[in-house]
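Notes for the structure review
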Amino acid sequence: MGGPVPLSIAAFLAALVVLLGSSVAALFCRRSTARASALGAGGAVAGGGLGLFGALRAAFEGSASDWSAAWPLAVGRFHIGLDSLSAVFLIPVFALTALAAVYAVGYWRGISPARAAGGWFFFNLLTIGMALVLAARDAVLFLAAWELMTIASFRLVAFEPERPGVARAAWIYLAASQASAACLLAMFLRLGAISGGADFAGFVGFAERAPEVVSFALTLGLIGFGLKAGLMPLHGWLPLAHPAAPSPVSAVMSGVMIKTGIYGIARLTLLAGRPPIAWGWALLAAGIVSGILGVLFALRQHDLKRLLAFHSVENIGIITLGLGLGIVGAAHGRPAIAFLGWTGALFHVLNHAIFKGLLFLG
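The structure contained in this document is the topic of the report that follows. (Residues numbered from 1 in each chain as written. Predicted model: local features only at pLDDT ≥ 70, side-chain atom pairs only at ≥ 80, totals over all residues. Heavy atoms only, no water.)

1. Focus: the environment of Ile318
Topologically, Ile318 is positioned in helix H13 (residues 304–331). Once residues within four sequence positions are removed from consideration, Ile318 is found in contact with Gly287 and His348. (Helix = DSSP H or I, 4+ residues; strand = E, 2+ residues; numbered from the N terminus. Contact = heavy atoms within 4.5 Å.)

Right under this line is the structure:
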């Protein structure tokens, strides 16, 4: 492809350029906290505005935008796309990171300039990583963005390593994230073996074209994406990382970053075409377990940020339950149930991003 760039894609790419430029510029302001914050937050707000424009246009224009270009790697290509599913997740990503950046200006006012510069560098890189995960249409690009998101969020969790428990929380989070990436790598390698490439277009309908790989791919997908989402019993890192991270980072991680796991489950379902009904029941079961146990664990907490972390486990369970209900409804030929399940799940993605972001910033 590589022809004319659609307007929504152009706005999305411009957002990434602004975010990258501001993160690098902030990194070089190691003598002034105010200057690093101005550049970092300014880039986050400007990039968030451009990204929101592109995401909203993709959400309402009715057809998916797609663009690709060659890159120097021997495998894959820089292939991105924006459709309604990507837009539902990109809207809260760009909105919440911009708001959290404004909050972080005051939150980080008293820290050293060198630490502020590093904080803003990784904060905006985290936004870039999340956005690319949601727009990637190539497995190699997706995994690269997944790792960028992981490394940036790891450095932000470890932002204050002198505090008790912070280093341990950061390393546990990194270990969980790398286990997630390993599962996703194995899943994409198996799907690539049947499609002959890394492009998502070659994976479409794999449940019908290659039934022998379905159980393997979906199981690895559930583990890999479930680890990032914090589904029980894969949630161990989450109540450790959120209390360790600065509040604006906790707002972003809990409000939108863990939703990249939910996006992965939803995208994998669409790529499968007609996944087996067992996939829907598995998501229903995982959602019920996370929803019930998440709130029970939350009730036992005395640390407010740890309570909010378990509350996120509960809400991720509610979203997953909706996805499972939608898949089961579609498998049984009940379009109304399928519609309500998927709509409820995606609505709660937006709902949880708003109220959880506000709670952490409060």
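2. What about the pattern of salt bridges?
Throughout the structure, instances matching the rule amount to 6 salt bridges. When the shortest N-O distance is used, the salt bridge between Asp83 and Arg267 registers 3.0 Å. Here Arg267 lies in helix H11 (residues 259–272) and Asp83 lies in the loop between strand E2 (78–82) and helix H3 (84–107), a separation of 184 residues in the sequence. Residue Asp83 shares its accessibility class with Arg267, and that shared class is buried. The salt bridge partner of Glu208 is Arg274, with a shortest N-O separation of 3.6 Å. Within this pair, whereas Glu208 is found in helix H7 (residues 206–209), its partner Arg274 is found in the loop between H11 and helix H12 (277–299), the two being separated by 66 residues in sequence. Salt bridges here are not isolated pairs; linked through shared partners, they connect Asp83, Arg137 and Arg267. (Salt bridge = Lys/Arg side-chain N within 4 Å of Asp/Glu carboxyl O. Buried < 20%, exposed > 50% of the residue type's maximum accessible area, 1.4 Å probe, protein only.)

3. Examining the packing of aromatic side chains
Going through the model one piece at a time under the given rule, you end up with 19 aromatic pairs. A centroid spacing of 5.7 Å and a plane angle of 70 degrees characterise the contact between Trp120 and Phe123, whose relative ring orientation is edge-to-face. On the criterion of helical spacing, the pair formed by Trp120 and Phe123 is a turn pair, its members being 3 residues apart in helix H4 (residues 113–135). Exposure remark for Phe123: the relative accessible area of 1% places this residue in the buried category. Relative to Phe122, the ring of Phe121 lies with its centre 5.0 Å away and its plane at 75 degrees, an arrangement referred to as edge-to-face. Each member of the aromatic cluster is reached from another via a ring pair, and the members are Phe142, Trp146, Phe188, Phe200, Phe203 and Phe225. (Phe/Tyr/Trp six-rings, centres within 6.5 Å; stacked < 30°, edge-to-face > 60°.)

4. Let's talk about the nonpolar core
The nonpolar side chains of a soluble globular protein tend to be buried, and buried together. Counting residues in hydrophobic clusters, the biggest one holds 119 residues, and the most contacted among them are Phe12, Phe142 and Phe206. Per-element tally for this core: the top contributor is H4, with 15 residues. Those residues within four positions of Phe12 in sequence are excluded, and the remaining contacts are Ile80, Leu82, Leu90, Phe94, Ala131, Leu132 and Ala135. (Core = buried A, V, L, I, M, F, W, Y, C linked by side-chain atoms within 4.5 Å.)

5. Some remarks on a nonpolar patch on the surface
On the surface, a cluster of nonpolar side chains totalling about 800 Å² of accessible area is made up of Ile288, Val289, Ile292, Leu293, Leu296, Phe297, Leu299, Leu321, Leu325 and Ile337. Those elements giving two or more residues to the nonpolar patch turn out to be H12 and H13. Tracing the sequence through the fold places Ile288 in helix H12. Here Ile288 falls in the partly exposed class, since its relative accessible area comes to 40%. (Patch = residues over 30% accessible without salt bridge, like charges linked within 9 Å, V, L, I, M, F, W, Y side chains within 5 Å. Areas by Shrake-Rupley, 256 points an atom, 1.4 Å probe, with all protein chains shown as cover.)

No statement about biological role is implied by the geometric values presented.
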